[in-house]
Amino acid sequence: MNKKILSVVLILCVMLAVMPMTAYAADIAFCTKCNKIQTVRATYQYADDKLHKCSVTCTVCYNKWYYGEAHIWSGTATCTSGRTCTVCGGSSEPLGHDWGTWTQNSDEKTHTRICKRDTSHTETENCHGGTATCTQRATCTVCGAEYGDALGHDFTTSWTHDDNEHWKQCSRCDKKDDVGPHTWDNGTITTAPTCTKAGKKTYSCTKCDATKIEPIPATGHSWKSDWTSDATHHWHECANENCDVTDNAGKNGYAEHSGGKATCTQNAVCEFCKAEYGEKLPHDFTAETVDAKYLKSAAT
Ligand SMILES: [Zn+2]
Ligand SMILES: [Zn+2]
Ligand SMILES: [Zn+2]
Ligand SMILES: [Zn+2]
Ligand SMILES: [Zn+2]
Ligand SMILES: [Zn+2]
Ligand SMILES: [Zn+2]
Ligand SMILES: [Zn+2]
């Protein structure tokens, strides 16, 4: 075979391979240039989903013209493949799957949908989109079924408390664990009471950090029975160390000394505290009395 002929054949084969949508046919048609029916060469090319483009060439004058023509479909469209045009070789759009609803599978983790046209067409994916809580499994946003596991509660190790109880709180929800009343210790005096003012005692829970404060009543005074006095007054001292009465006038029995009689040589003695008080009386000399005494003693 001639080398030139071989290369022409090869080029033709390549052209056929790169133009799969183009068909060739020899036919007859009216050529407007020759003004008569001539043998023509027609090629057909897919244009859109309705038409293919016919290109016609007169084999005599090489006049060339075009027109659109409806596809001539054959075969049956399926979910994934369309029908084929017997003229241009083009394909119609595939039907696409006609999916049923997503239904959860028995694994309770995945859901599947099945094509109504062909049950061998299935799609399976993981259930997703929901949020599990401590007590509730997640609900799939696609098939509406529950999937996965509930989270379970997540109780803290530290205690939470109110005035009466302590507990361990779930970090995600309102659930409480180990609820119990406080176990108070023996308390510590944080403010000591005085004779007239209440003090405070603070109790701490031995488990949690709750505290409570309770008042300690004022002790009241412990008045001594013996008297204390100064030059003018007497009173009873309070035996309590931190007594908050410092002014003697506020102490028990505070009063001026009273009772008893002063003489020229002796102070008055208070009839309550037995302390001497006041001034001695001045001597009161009179002439008659002295004379009379003197005379009387002289006479005897
Ligand atoms: Zn022609
Ligand atoms: Zn066609
Ligand atoms: Zn299908
Ligand atoms: Zn699902
Ligand atoms: Zn919880
Ligand atoms: Zn507690
Ligand atoms: Zn006191
Ligand atoms: Zn007195």
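Note: the structure precedes this text.
This structure is a prediction, so every number in the text was calculated from the model and none was measured. (Residues numbered from 1 in each chain as written. Chains lettered and ligands numbered in written order. Predicted model: local features only at pLDDT ≥ 70, side-chain atom pairs only at ≥ 80, totals over all residues. Heavy atoms only, no water.)

### A word on the coordination of the zinc ion (ligand 8)
Line of reasoning, step 1. Within the protein, the atoms that donate to the zinc ion (ligand 8) are His234 (ND1), His257 (ND1), Cys270 (SG) and Cys273 (SG), at distances of 2.1 to 2.2 Å.
Line of reasoning, step 2. Between the four donor atoms coordinating the zinc ion (ligand 8), the angles at the centre fall across 100 to 122 degrees, so the site counts as tetrahedral.
Line of reasoning, step 3. Donor residues for the zinc ion (ligand 8) sit on one chain with the sequence pattern H-x22-H-x12-C-x2-C. Taken together, the residues span a long stretch of sequence, with His234 in strand 19 (residues 233-236) and His257 in the loop between strand 20 (252-256) and strand 21 (268-269) at a distance of 23 residues. His257 carries the same exposure label as His234, and that label is buried. (Donors = N, O, S within 2.8 Å, 3.2 Å for Na, K, Ca; no water. Tetrahedral: all angles 85-135°; square planar, octahedral: opposite > 155°, others 65-115°. Helix = DSSP H or I, 4+ residues; strand = E, 2+ residues; numbered from the N terminus. Buried < 20%, exposed > 50% of the residue type's maximum accessible area, 1.4 Å probe, protein only.)

### Thoughts on the pattern of salt bridges
Line of reasoning, step 1. Throughout the structure, instances matching the rule amount to five salt bridges.
Line of reasoning, step 2. As a salt-bridge pair, Lys251 and Glu237 come within 3.1 Å of each other at their nearest N and O atoms. One end of the pair, Lys251, is in the loop between strand 19 and strand 20; the other, Glu237, is in the loop between strand 19 and strand 20, with 14 residues separating them in the sequence.
Line of reasoning, step 3. Taking the relative accessible area as the measure of exposure, Lys251 reaches 12% and is therefore buried.
Line of reasoning, step 4. You can call Glu237 partly exposed: its relative accessible area is 22%. (Salt bridge = Lys/Arg side-chain N within 4 Å of Asp/Glu carboxyl O.)

### Concerning the packing of aromatic side chains
Line of reasoning, step 1. The full count for this structure, using the stated rule, is one aromatic pair.
Line of reasoning, step 2. The ring of Trp159 carries Lys168 above its face, with NZ or CZ at 4.6 Å from the centroid.
Line of reasoning, step 3. Here the basic side chain of Lys212 rests over the ring of Tyr203, its NZ or CZ set 5.3 Å away from the ring centre. (Phe/Tyr/Trp six-rings, centres within 6.5 Å; stacked < 30°, edge-to-face > 60°. Lys NZ or Arg CZ within 6 Å of the ring centre and 35° of its normal.)

### Considering the nonpolar core
Line of reasoning, step 1. Of all hydrophobic cores here, the largest spans eight residues; its members are Val40, Ala42, Tyr44, Cys54, Val56, Cys85, Val87 and Cys88.
Line of reasoning, step 2. Contributing elements (two or more residues each) for this core: strand 2 (36-46) and strand 3 (51-58).
Line of reasoning, step 3. The element contributing the most residues to this core is strand 2, with three residues. (Core = buried A, V, L, I, M, F, W, Y, C linked by side-chain atoms within 4.5 Å.)

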